[in-house]
Amino acid sequence: MRTLRDEVKNRGIQVLEFTSAIELLKDDQGKCAGAVLYNMETEEHFVCRAKTTVVATGGAGRLHVQGFPTTNHYGATADGLVLAYRAGAPFIYMDAIQYHPTGSIFPAQIEGLLVTEKVRGLGAQLVNADGEQFIFPLETRDVVSSAIIRECKPADEKGRAKGINTLTGRVGVWLDSPMIELKHGPGTVQKELPAMYRQYKRTNIDMAKDPILIYPTQHYQNGGIRINAEAESGLANLYVAGEASGGVHGRNRLMGNSLLDILVFGRRAGKNAAARAKATKVGKLSLAHVEAFHKELATAGVAPGRLSPMLLPDYRKPETKERQQGQVPIGGRA
């Protein structure tokens with residue numbers, strides 16, 4: 001990211017900070033022709049006319065599908081997918097969400113934090129409440145995630161439970177990180193996993209001495225806007241790169257393969273969008289596709305419960321929202 005940012009600055013490319021796309025534009029020929037932008041600081045709207053457009057908005061982790069925590073940044077709210085859908089771009093494998101098997105589940109302030117697979121690679125074992133190693137730790141992510149979820153099911157008819165209840169009401173299993181020190185010698189955790197060691201140390205947990213509690217965390221969106229080998233979507237002049245794209249991995253992927261859609265197809269999207277722009281003329285701009293979308297919602301009897309794009313998720317509790325909006329005095333409900 002730093003390399004890309006430096007290159008953009010050195011080439012004098014204009015960047016609109018704190019400005020999000022909130023709707024794709026199409027022209028009178030039905031081709032993508034830019035976007036409506038919203039400046040979150042000044043609350044101004046802009047029309048950005050473009051010969052080609054690249055969607056690179058990431059995934060949907062902050063939607064917390066099925067209530068799972070996530071490793072994703074706060075802007076991962078599937079907004080790019082929503083805009084492309086309304087504009088008519090076809091999708092693929094939207095049910096294919098990947099869960100990383102080892103996400104922190106305690107303490108609450110780092111819930112969802114990615115606990116890298118290097119921890120298990122160094123020798124840490126997954127252990128349930130009975131001290132059992134219930135899965136070979138180097139299985140693929142989907143297999144390990146499924147095994148952990150099964151261990152964390154509610155108690156059986158005999159009252160036996162394999163998961164560990166946390167102080168915040170979550171359930172997880174142990175990742176026996178002290179095993180690394182026993183296997184490789186004192187100081188190995190701090191040397192090999194310095195950032196993670198510091199992250200836990202901030203919450204008074206020494207993962208070199210005490211095991212950590214983990215649970216699968218929503219990590220990656222394998223599906224998305226369907227692209228071809230040139231990173232083109234099914235909507236003319238709209239390209240897609242990164243996690244917003246779909247079809248690169250199929251329904252599942254191995255660790256590290258996200259570099260394909262980020263770097264390989266990112267490069268293709270950029271090169272092909274630039275080449276197409278040289279021979280493209282933009283017609284009259286229109287938002288007719290949005291009007292058509294809302295008419296379809298009305299016809300189907302669908303009443304949207306919240307606005308989209310979301311831009312940033314709102315994690316405030318209902319009572320906090322009411323108080324901040326001046327509906328309830330500080331100290332309690334009206």
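Predicted model only: the values in this text are computed from it and were never measured. (Residues numbered from 1 in each chain as written. Predicted model: local features only at pLDDT ≥ 70, side-chain atom pairs only at ≥ 80, totals over all residues. Heavy atoms only, no water.)

### Re the overall build of the protein
Turning to step 1, where the next piece is worked out: The secondary structure content of the protein amounts to ten helices and 14 strands.
Turning to step 2, where the next piece is worked out: Principal-axis analysis of the C-alpha atoms gives the protein an extent of 65 × 55 × 40 Å.
Turning to step 3, where the next piece is worked out: Within the protein, the proportion of its 334 residues that are buried is 43%.
Turning to step 4, where the next piece is worked out: Of all intrachain contacts in the protein linking residues separated by at least 6 positions in sequence, the fraction that spans at least 24 positions is 63%. (Helix = DSSP H or I, 4+ residues; strand = E, 2+ residues; numbered from the N terminus. Buried < 20%, exposed > 50% of the residue type's maximum accessible area, 1.4 Å probe, protein only. Contact = heavy atoms within 4.5 Å.)

### Examining the pattern of salt bridges
Turning to step 1, where the next piece is worked out: Evaluated as defined, the whole model comprises 13 salt bridges.
Turning to step 2, where the next piece is worked out: Here aspartate 95 and arginine 251 are joined by a salt bridge, their closest N and O atoms 2.5 Å apart. Pair noted here: aspartate 95 is in the loop between β5 (91–92) and β6 (97–104) and arginine 251 is in the loop between β13 (245–246) and α8 (258–277), with a separation of 156 residues, a long-range link.
Turning to step 3, where the next piece is worked out: Salt-bridge contacts for lysine 321 lead to aspartate 314; the nearest nitrogen and oxygen are separated by 3.9 Å.
Turning to step 4, where the next piece is worked out: Using a relative accessible area of 28% as the deciding quantity, one classes lysine 321 as partly exposed.
Turning to step 5, where the next piece is worked out: Judged by relative accessible area, which is 41%, aspartate 314 ranks as partly exposed.
Turning to step 6, where the next piece is worked out: Linked through salt bridges whose partners overlap, the residues forming this network are Glu117, Arg120 and Arg141. (Salt bridge = Lys/Arg side-chain N within 4 Å of Asp/Glu carboxyl O.)

### Focus on the packing of aromatic side chains
Turning to step 1, where the next piece is worked out: Counting across every chain of the model gives five aromatic pairs.
Turning to step 2, where the next piece is worked out: Between phenylalanine 68 and tyrosine 99, the aromatic rings sit 4.5 Å apart at their centres with planes inclined by 45°, giving tilted as the arrangement. Here phenylalanine 68, found in the loop between β4 (53–55) and α2 (79–87), pairs with tyrosine 99, found in strand β6; they are 31 residues apart in sequence, far enough to count as distant. Considered together, phenylalanine 68 and tyrosine 99 belong to a single accessibility category, that of buried residues. (Phe/Tyr/Trp six-rings, centres within 6.5 Å; stacked < 30°, edge-to-face > 60°.)

### Here's the deal with the state of the cysteines
Turning to step 1, where the next piece is worked out: Tallying each qualifying case throughout the model produces zero disulfides.
Turning to step 2, where the next piece is worked out: The structure places no disulfide on cysteine 32, whose sulfur is separated from the nearest cysteine sulfur, that of cysteine 48, by 10 Å. (Disulfide = S-S within 2.5 Å.)

### Observations regarding the sheet that holds strand β14 (residues 285–286)
Turning to step 1, where the next piece is worked out: Taken in spatial order, the four strands line up as β3-β2-β1-β14 in an open sheet, and their pairing is antiparallel. If you trace the sheet from one side to the other, it starts and ends with β3 (45–49) and β14, each paired once.
Turning to step 2, where the next piece is worked out: Those strands touched by helix α9 (residues 288–300) are β1 (19–27) and β14, and its axis lies near 95° from that of β1. (Pairing = 2+ DSSP bridges. Axes fitted to C-alpha atoms, helices over the stretch in contact; angles between N-to-C directions.)

### Examining the sheet that holds strand β11 (residues 224–226)
Turning to step 1, where the next piece is worked out: Spatially, three strands are ordered β5-β11-β13 in an open sheet, and the strand pairing comes out mixed. Two strands in the sheet have a free side with no partner beyond their single neighbour: β5 and β13.
Turning to step 2, where the next piece is worked out: Examined bridge by bridge, β5 and β11 share two bridges and lie antiparallel to one another. For phenylalanine 91, the partnering residue across the bridge sits in β11 and is isoleucine 225.

### Brief notes about the confidence of the model for the protein
Turning to step 1, where the next piece is worked out: Across the protein, the average pLDDT comes to 92, with 97% of residues at 70 or higher.
Turning to step 2, where the next piece is worked out: Looking over the protein, one finds the lowest element-wise mean pLDDT in helix α10 (residues 318–324), namely 81, and the highest in strand β12 (residues 238–240), namely 98.
Turning to step 3, where the next piece is worked out: This stretch, residues 328–334, has a pLDDT under 50; its non-local contacts, to residues over four places away or in other chains, come to nine contacts. (pLDDT = per-residue confidence, 0-100.)

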